[in-house]
Amino acid sequence: MSSRTRTWLAIYARALGRMARGEGPAADPPGRILLPHHSLLGDTILLAACVAKLRARHPQAEIVHVMPRAFVPLFSGRPWGAVPVGWSARDPESLAALWDLGPFDLAIVNGDNRFSWLARAIGARRVVAFSGDPSAYKNWPVTDFVAMPDTPMAWSDLVSTLVPGDPAEPYSRGQWPAPPFRPYDRPEGDYAVLHVGASTPHKTWLADRWAALAAALEARGLRVCWSAGPGEEALVAAIPGSGRQASFAGRLDLPQLWDLVGRAKLVVTGDTSVAHISRAAFAPTVVIYGPSGPVLGGAGRFWAHCPGAGVAIDPFPCRDQDVLFKRHVTWVRRCSRGPSECPAPRCMHEIGVEAVLTAAAPYLPGSPP
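Residues numbered from 1 in each chain as written. Predicted model: local features only at pLDDT ≥ 70, side-chain atom pairs only at ≥ 80, totals over all residues. Heavy atoms only, no water.

Enquirer: I'd love a proper account of the pattern of salt bridges, names of residues and values included.
Expert: As enumerated under the stated definition, the model contains 13 salt bridges in all. Between Arg 319 and Asp 314 there is a salt bridge; the shortest N-O distance is 3.0 Å. A relative accessible area of 5% places Arg 319 in the buried class. The exposure class of Asp 314 is partly exposed, given its relative accessible area of 46%. Connected via shared salt-bridge partners are Arg 186, Asp 259 and Arg 263. (Salt bridge = Lys/Arg side-chain N within 4 Å of Asp/Glu carboxyl O. Buried < 20%, exposed > 50% of the residue type's maximum accessible area, 1.4 Å probe, protein only.)

Structure (structure tokens):
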């Protein structure tokens, strides 16, 4: 039996026991609120809109954000007063720290309703989640269902609709305290960070485009440094001329990466977690959108005041799938095809260097204020 299976069996068993015993009525307004998940880093950061809305609606409540433990250092400053607690779905021993957290009056479950079981196991009395998850067993612990919005919006704004009421005020600089970091060889002077890594090959741009962009930025007076995640060093090495510039590929932890992008004059990246870190650090950020598209993956309302822009070809013919967390959402236009169906991501490859430079122009040296 895999460690992941043992983790979930322990969660199900504890949740069933609590549900059978009953947890008593939830306080209204809630005094303690739980956000349990094991999302990717980008989705974890994008929950900020939901956390900010909860804080505005329940200013005195204790908010506990249960997330993959590798992400906790980014949240050490407790944005909006939410307490980060880490765990791993592959480590049954990590559950022990969660069992002592409850009880909670309210839990908000984003996306995958499987985590309603985790909410119940921790001791949530009321569990709010989106309706429409086709796996019936995932919905059993949910007490309150919310329909997916019927109007197009960014994922961060969409998740915040799980909380009733007006949206939170748009994000502003400093709402997310910068995490402390270990010293590293930070670039000097004015520099741009070009992040070439991505969670999927379909969100990567062509190596020769990155090279041309780097040359153009250097001609405008910016030092160029490269970024990519652990195991993605070869993506940088494949870019012609990249050996002349500093590369931080695979070298930085998350707080160091926050510092690197936060001090940059410009960050250019695909639609990946670095785009969201860069926005939270309030760095000028140009995002190249491929499969996710510029609506669902975009800044939306909450991040609208962050400096930067998006670049995409929209609509794109094969960005035509409407499934989001296994739910059909009529307005969603995205693509989740794998390499066997889509050997090369045309939605990324057809974006030219000039389009990226145009989006970056307001943030380059010598541009009008």
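This is not the end of the story, as more comes after the structure.
Enquirer: Could you give an account of the sheet that holds strand E2 (residues 62–68), naming the residues involved and the relevant values?
Expert: Pairing is parallel in the open sheet, where six strands are placed in the order E3-E2-E1-E4-E5-E6. Edge positions in the sheet fall to strand E3 (83–87) and strand E6 (144–146), since each has one partner strand and no second. Averaged over all adjacent pairs, the angle separating strand axes in this sheet is 20 degrees, with direction ignored. One ladder, built from three bridges, connects strand E4 (residues 106–109) with strand E5 (residues 127–130); its direction is parallel. Each bridged residue has a counterpart across the sheet, and for Ala 107 the counterpart in E5 is Val 127. Along the sheet, helix H3 (residues 48–57) contacts strand E1 (32–36), E2 and E4; its crossing angle with E1, the most-contacted strand, is approximately 175 degrees. (Pairing = 2+ DSSP bridges. Helix = DSSP H or I, 4+ residues; strand = E, 2+ residues; numbered from the N terminus. Axes fitted to C-alpha atoms, helices over the stretch in contact; angles between N-to-C directions. Contact = heavy atoms within 4.5 Å.)

Enquirer: So what's going on with the sheet that holds strand E7 (residues 191–195)? Residues and values would help.
Expert: The strand order across the open sheet built from six strands is E9-E8-E7-E10-E11-E12, with neighbouring strands paired in parallel fashion. Of all strands in the sheet, those bounded by a partner on one side alone are strand E9 (246–247) and strand E12 (308–311). With four bridges connecting them, E7 and strand E10 (residues 266–270) associate as parallel partners. Its bridge partner being in E10, His 195 is matched across the sheet by Thr 269. Packing against the sheet, helix H8 (residues 207–219) makes contact with E7, strand E8 (223–227), E10 and strand E11 (285–288), and its axis sits at approximately 175 degrees to E7.

Enquirer: How would you summarise the packing of helix H10 (residues 254–262) against helix H11 (residues 273–280) if you had to cite specific residues and measurements?
Expert: Remark: H10 packs on H11, axes separated minimally by 9 Å, with the N-to-C direction vectors making an angle of 65 degrees. Once H10 is placed against H11, the crossing between them reads as right-handed. Facing Leu 254, Leu 257, Trp 258 and Val 261 of H10, the residues of H11 in contact are Val 274, Ile 277, Ser 278 and Ala 280. (Left-handed = near helix turned anticlockwise from the far one by under 90°.)

Enquirer: Which residues make up the environment of Cys 306, and what values do they have?
Expert: Within the secondary structure, Cys 306 is located in the loop between E11 and E12. Residue Cys 306 is classed as buried on the basis of its relative accessible area of 9%. Taking the C-alpha atoms as reference, Cys 306 lies 25 Å from Gly 111; in sequence the two are 195 residues apart. Residues in contact with Cys 306, not counting those within four places in the same chain, are Tyr 171, Arg 279 and Phe 282.

Enquirer: I'd like a description of helix H1 (residues 3–21), backed by residues and values.
Expert: An ideal rise of 1.5 Å per residue puts 27 Å on 19 residues; H1 measures up with 27 Å between its terminal C-alpha atoms. Buried within H1 we find Thr 7, Trp 8, Ile 11, Tyr 12, Ala 15 and Arg 18. All buried residues of H1 fall inside an arc of 135 degrees around its axis, so they share one side. Facing away from the buried side of H1, by more than 90 degrees, are the exposed residues Ala 13, Ala 20 and Arg 21. The inward-facing, buried residues of H1 abut E3, helix H4 (96–99), helix H5 (115–122) and helix H6 (136–139). Following H1 by one or two positions, Gly 22 adopts a phi angle in the positive range, close to 85 degrees. (Expected span 1.5 Å × (residues − 1). Arc of directions from axis to C-beta.)

Enquirer: Mind laying out the environment of Leu 101, listing which residues take part and the relevant values?
Expert: Note that Leu 101 resides in the loop between H4 and E4. The exposure class of Leu 101 is buried, given its relative accessible area of 16%. When the C-alpha atoms of Leu 101 and Cys 335 are compared, they prove to be 38 Å apart, with 234 residues separating the residues in sequence. Discounting chain neighbours no more than four positions away, the residues touching Leu 101 are Arg 32, Val 64, Val 66, Val 85 and Ile 122.

Enquirer: Please provide a residue-by-residue account of H11, values included.
Expert: Most of H11 is tucked away: eight of the eight residues are buried. Along H11, the positions that sit buried rather than exposed are Ser 273, Val 274, Ala 275, His 276, Ile 277, Ser 278, Arg 279 and Ala 280. Against the buried residues of H11 lie helix H2 (41–46), E7, H10, E10 and E11. Immediately downstream of H11, the backbone of Phe 282 shows phi near 65 degrees, a positive value.

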